[in-house]
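Chain by chain, the residues:
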Amino acid sequence: MTVVTGELTGPLPVISTAGLTKHYGTVHALTDLTVDVGDGVTGLVGANGAGKSTLIKILLGLLEPTAGHAHVLGHDIEEHSQEIRRLVGYMPEHDCLPPDVSASDFVVHMARMSGLGASAARERAADVLRHVGLDEERYRPMGGYSTGMKQRAKLAQALAHDPRLVFLDEPTNGLDPAARTDMLRLVQRIGNDFGIAVLVTSHLLGELEQVSDHVIVLDGGHLLRSSATGEFLERTGSLLVEVVGTETERDRLGEALARHGLTCRPRGTMVAVDPPPPGLAEGGAAHDLIRDVAAELGLGLMRLQPDRRHLEDVFLEGGTRA
Amino acid sequence: MPDQAATPGRPGVIHDLGYRHFEGVREGTATIARTLFVTGLRHAYGLGRSGKSKVMPFVLLAMSLLPAAIVVGVVVLTGLGSLPVSYADYTNQTQLLVSLFAASQAPVLFSRDLRHRSIVLYLARPLSSPVFALMRWLSLTVAMFVFTAVPTVLLFAGAMLAGLDKSDQTSAVLKALTLQVLLAAMLAGVSGLISSVSLRRGFAVVGSVMALIVLTGVVTVMQNIAYYDGDSESVSVGVGLLSPWSLHNGLGNAWDAGIDTPAPVDGAWVPAYAIVALLLVAGCLLGLVARFRKVASR
């Protein structure tokens, strides 16, 4: 099974694997993974232990696969892993910052370890630290950083040498909601504005559907699904309707819509309308009907939008299929 | 979660100033390895690190220089016909300071990256784990060599000032420096390997002290017992194979570099000492490479 995600701009995908397998004794971390990754942001999603970190380590040449092949940026992982490590950045999941060094010094050093000269490394470090949002605190030892600042410093060192591809392993781990939003926006910018391909992992599906162009779903070392994020989200014909008022208004609307032949159920403050029957499916007839019903009841229509599926549904489907 | 896009650009958090790509030259592996070596060498003396971390190496260096300075003063002022201590024996006499330097500075180069797991960031970059381990060892070896060579060079400068025979002194100092290279390689290997396994700084220091200071003391005592009480030269010399310092001293004795050992090292013992010393260095290097490789794959 070969699945291609991403807008393949060149003849070669950014990452392509063929039958990639990694077994630790009886533990099967990855099984026969064949997948292609293109430019932009690609989400790699799966529960803990699904094989996400193992895949990244194999692609970096830090682990040897039990079987199968892979290419990163056109280089074979077994023959040219050094060349690959020159062109990619890696932000590990775990803590990896020495506490007695400042972020500024550390990122400069890491840029030099990727082959940048002394002055170029200083310039790049200042640039990326600004991009990740570490300001004055960059001159303080990293031991005193909050989790959010540590994650930024980790991200900065991954970008220090201007890689063509970055592996971000759980970049939102341990962040509060505001910091999480910042980090996700940054990930999106790296993929779209900086022009650096991103492979980002998370066990939180909701995060990845916000930022990634493509999603690969791993489950127990197996490929569950790989496709554009849009395809995950746009297969439902359901509608969400919200009116001004409380639950009473919501229920009045729902009951009225039901009388007109639509299947409705409450969801939070909104009414979820199942895909309309054939008679109402054509040319937005259902939309018109909802508008008219709301007007008849004298209710202020606040929201009428297509109901997006969530990536969770893919897991549920995958679970029932397996 | 779905409406996070509705909070655009919280001010002052992540600045949007445009991203610039790096178009400049990217150095090859050799240059990166050299940078790592130089950084490691500087860090061994606390340079480029906090002020506090400079104290230990420089206090030890000053302490090991002080006797040499006194010797030089005495020789120059009194016009002695020879140095009261040979170059190689001076290193031996200050061995406690040399071993302490190895024990205290090896964790800086071998434990920190492993304990804080920044090793992963190094190994996700072009240098492979064997090259990384080798460069770390080389940094410590050169740092150790500098530590022993500085007093030696000071002594030599004093000898020259006092007008001692130039060719005699030159050959003696070159012998001492050669022995110091081997000594530095052994001490860096042993203390580096210990530090890379025991990641807590305290344990690493204690482990190195055990291996370099306590073991050497035990070996010296056993050598003396075997020679004076056991009346066995070969046992006394054989026991000397067991510690880096007794290897250094034995080779210095065999090479006539001015170090006394309980029993003279001669005959087939000389190649045996040399081979064991080289095997010790090679073994430590292999151990270090295996250790870093294992950590890299985790």
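Residues numbered from 1 in each chain as written. Chains lettered and ligands numbered in written order. Predicted model: local features only at pLDDT ≥ 70, side-chain atom pairs only at ≥ 80, totals over all residues. Heavy atoms only, no water.

Scanning chain B for helices and strands turns up 12 helices and zero strands. Listing each helix as α and each strand as β along chain B from the N terminus yields α-α-α-α-α-α-α-α-α-α-α-α. Its C-alpha atoms give chain B principal-axis dimensions of roughly 90 × 45 × 35 Å. When burial is assessed residue by residue, chain B has 49% of its 298 residues classed as buried. Carbon and sulfur atoms provide 68% of the accessible area of chain B, an area that totals close to 13300 Å². Taking the 21 positively charged and 14 negatively charged side chains of chain B as two groups, their mean positions are separated by 20 Å. (Helix = DSSP H or I, 4+ residues; strand = E, 2+ residues; numbered from the N terminus. Buried < 20%, exposed > 50% of the residue type's maximum accessible area, 1.4 Å probe, protein only. Areas by Shrake-Rupley, 256 points an atom, 1.4 Å probe, with all protein chains shown as cover. Lys, Arg positive; Asp, Glu negative; His and termini not counted. Charge placed at Lys NZ, Arg CZ, Asp CG, Glu CD.)

The interface is formed by 42 residues belonging to chain B together with 53 residues belonging to chain A. Carbon and sulfur atoms make up 52% of the surface buried where chain B meets chain A, a total of about 4500 Å² over both sides. Where chain B meets chain A, there are two salt bridges. When the shortest N-O distance is used, the salt bridge between Arg20(B) and Asp127(A) registers 3.0 Å. Secondary-structure elements contributing two or more residues to the side of chain B that touches chain A are α1 (29-44) and α6 (119-123) of chain B. No other element matches α1(B), which puts five residues into the side of chain B that touches chain A. (Contact = heavy atoms within 4.5 Å. Buried area = accessible area lost by both parts, 1.4 Å probe. Salt bridge = Lys/Arg side-chain N within 4 Å of Asp/Glu carboxyl O.)

Attention now goes to the sheet that holds strand β6 (residues 88-91) of chain A. All names here are of chain A. Reading across the sheet, the six strands line up as β6-β7-β8-β3-β9-β10 and stay open at both edges, with mixed pairing between neighbours. Every other strand in the sheet has two partners, leaving β6 and β10 (222-228) as the edge strands with one partner each. Across the sheet, the mean angle separating the axes of adjacent strands is 15 degrees when strand polarity is ignored. Running over the sheet, helix α5 (residues 147-159) touches β6 and β7 (165-169) and is turned about 165 degrees from β6. (Pairing = 2+ DSSP bridges. Axes fitted to C-alpha atoms, helices over the stretch in contact; angles between N-to-C directions.)

With that settled, consider α1(B). Along an α-helix, residues three or four apart share an orientation, since each turn contains 3.6 residues. Over its 16 residues, α1(B) extends 22 Å from the first C-alpha to the last, a length consistent with the 22 Å expected when each residue adds 1.5 Å. Taken as a whole, α1(B) has its buried residues at Ile32(B), Ala33(B), Thr35(B), Leu36(B), Phe37(B), Thr39(B), Gly40(B), His43(B) and Ala44(B). Where the residues of α1(B) are buried, they touch α2 (81-87) and α3 (103-113) of chain A together with α2 (52-78), α4 (95-110), α6 and α7 (129-161) of chain B. Just downstream of α1(B) lies Gly46(B), where phi reads positive at about 80 degrees. (Expected span 1.5 Å × (residues − 1).)

Counting 154 residues, the largest nonpolar core has Leu59(A), Leu155(A), Leu165(A), Phe167(A), Ile190(A) and Met144(B) as the members making the most contacts within it. Ranked by residues supplied to this core, first place goes to helix α8 (residues 166-197) of chain B with 11 residues. With residues near it in sequence (within four places) discarded, Ile190(A) still touches Leu155(A), Leu159(A), Val166(A), Gly195(A), Ile196(A) and Val198(A). By size, the runner-up hydrophobic cluster in this structure holds 16 residues, among which are Leu262(A), Val273(A), Leu280(A) and Ile290(A). (Core = buried A, V, L, I, M, F, W, Y, C linked by side-chain atoms within 4.5 Å.)

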